[in-house]
Structure formats: C-alpha cells, structure tokens
Amino acid sequence: QAQLVESGGGLVQPGGSLTLSCAASGFAFNSYAMSWHRQAPGKERELVASIPSFGGSTNYADSVKGRFTISRDNAKKTVYLQMNSLKPEDTAVYYCNAKWYRAIWGQGTQVTVSS
C-alpha cells in the first residue's frame, strides 16, 4: 500500500527554522516527482516546492524562494523541506505529494510560526 508519512512540524518563532521529512513506502519512490504543498485555514492548498524523480532542477513558490529548500534521498525514500527565516504567513498544514501516473498524498503536518 502506497504511503507517505510527514514529520517535523511544530511551533517555531518568526525567523526560526524547521526541517520537514516525508517518508515513502509501498511504491517506486525513484519514479515519482515529489512536492510539498501547504494549506492555511480558509485558503486553498498551494504548491510550495517540487523536485523531479532523480533530483536536479527544483521549483519554488515565489513566497518561499530563497528561504525554503527541497531535497530528496532516493536511497532512503525520503523527501525533505528545509525551511529558514520562517514567517507567520508560513503557518499551515504541510502536505507531501508524490506524482507520476497517479498522485499520492500524505496526511499532513502542522507548522505554526508564532511568537
């Protein structure tokens, strides 16, 4: 059974950092492009960052460019999101996504940026 499990969320002060992890199981991780999305209360889910199946060129939302970094370790079947200089507007539930001929979603992890 295909599964994505996010971890690493929590409460952090503005300007702080967090690293999210997404562990994959039950499918051919190496064949899937991976991405992180987020959804804040009352807002639609939005793409934060994406990375192709074998790494290389990454893509970021304008709101996180220069602050967030997506990476993947195909040997560990894990994708990461390093988040620096966090702002209150980064507060959201962050979801991991795997995409090839189908889309697989994780359950999400809460990130709260507040003093």
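Peer 1: Sorry, what's going on with the packing of aromatic side chains here?
Peer 2: How two aromatic rings sit relative to each other is set out by the distance from centre to centre and by the angle between their planes. Taken as a whole and assessed by the stated rule, the structure comprises four aromatic pairs. Summarising the aromatic geometry, the rings of phenylalanine 27 and tyrosine 32 are spaced 4.8 Å apart at their centres and angled 70° between planes, so their arrangement reads as edge-to-face. No difference in accessibility class separates phenylalanine 27 from tyrosine 32, as the two residues are buried. Summarising the aromatic geometry, the rings of tyrosine 32 and tryptophan 100 are spaced 5.6 Å apart at their centres and angled 75° between planes, so their arrangement reads as edge-to-face.

Peer 1: How should I be thinking about the state of the cysteines in this particular structure?
Peer 2: Simply put, the disulfide is a covalent bond whose two ends are the sulfur atoms of two cysteines. For the coordinates displayed, the defined rule picks out one disulfide. Residue cysteine 22 pairs covalently with cysteine 96 via a disulfide, S to S 2.1 Å. Residues cysteine 22 and cysteine 96 share a disulfide whose torsion about the S-S bond is about -85°; that sign makes it left-handed. Here cysteine 22 is found in strand S3 (residues 18-25), whereas its partner cysteine 96 is found in strand S9 (residues 92-99), with 74 residues between them in sequence. Neither residue differs from the other here; cysteine 22 and cysteine 96 are each classed as buried.

Peer 1: Looking at this structure, I do not really get the nonpolar core. What am I missing?
Peer 2: Burial of nonpolar side chains together is a common tendency in soluble globular proteins. In terms of nonpolar packing, the biggest core is built from 31 residues, with Leu4, Met34, Trp36, Leu81, Met83 and Tyr94 touching the most fellow members. Taken together, the elements giving at least two residues each to this core come down to S3, strand S4 (33-39), strand S5 (46-51), strand S7 (68-73), strand S8 (78-83), S9 and strand S11 (109-113). In this view, leucine 81 contacts Leu18, Thr19, Leu20, Trp36, Val48, Ala49, Phe68, Thr69, Ile70 and Tyr94; residues no more than four positions away in its chain are not counted.

Peer 1: For this particular structure, what's the right way to read the pairing of S9?
Peer 2: The side chains of a regular strand alternate, residue by residue, between the two faces of the sheet. Burial analysis of S9 places six of its eight residues in the buried class, the great majority of the element. In the sheet, S4 pairs with S9 via seven bridges, with the strands oriented antiparallel. Bridge pairing links histidine 37 to tyrosine 95 in S9. For S9 and S11, the ladder comprises three bridges, and the chain directions are antiparallel. Its bridge partner being in S11, tyrosine 94 is matched across the sheet by threonine 109. By the bridge criterion, three bridges tie S9 to strand S10 (residues 103-105) in an arrangement that is antiparallel. The residue of S10 that forms the bridge with lysine 99 is alanine 103. A loop of three residues connects S9 with S10, the two strands running antiparallel in sequence.

Peer 1: Help me understand the sheet that holds S8 in this model?
Peer 2: Each strand in a sheet pairs with another by means of backbone hydrogen bonds, the pair being arranged parallel or else antiparallel. As summarised here, the arrangement of the four strands in space is S1-S3-S8-S7, forming an open sheet in which the pairing is antiparallel. Edge positions in the sheet fall to strand S1 (3-7) and S7, since each of these pairs with one other strand and no more. Pairs of neighbouring strands in the sheet enclose a mean axial angle of 15°, with direction left out of account. Two elements, S1 and S3, share five bridges in a ladder whose sense is antiparallel. Among the inter-strand pairings, glutamine 3 is bridged to a residue of S3, identified as serine 25.

What counts as what
Residues numbered from 1 in each chain as written. Predicted model: local features only at pLDDT ≥ 70, side-chain atom pairs only at ≥ 80, totals over all residues. Heavy atoms only, no water. Phe/Tyr/Trp six-rings, centres within 6.5 Å; stacked < 30°, edge-to-face > 60°. Buried < 20%, exposed > 50% of the residue type's maximum accessible area, 1.4 Å probe, protein only. Disulfide = S-S within 2.5 Å. Helix = DSSP H or I, 4+ residues; strand = E, 2+ residues; numbered from the N terminus. Core = buried A, V, L, I, M, F, W, Y, C linked by side-chain atoms within 4.5 Å. Contact = heavy atoms within 4.5 Å. Pairing = 2+ DSSP bridges. Axes fitted to C-alpha atoms, helices over the stretch in contact; angles between N-to-C directions.

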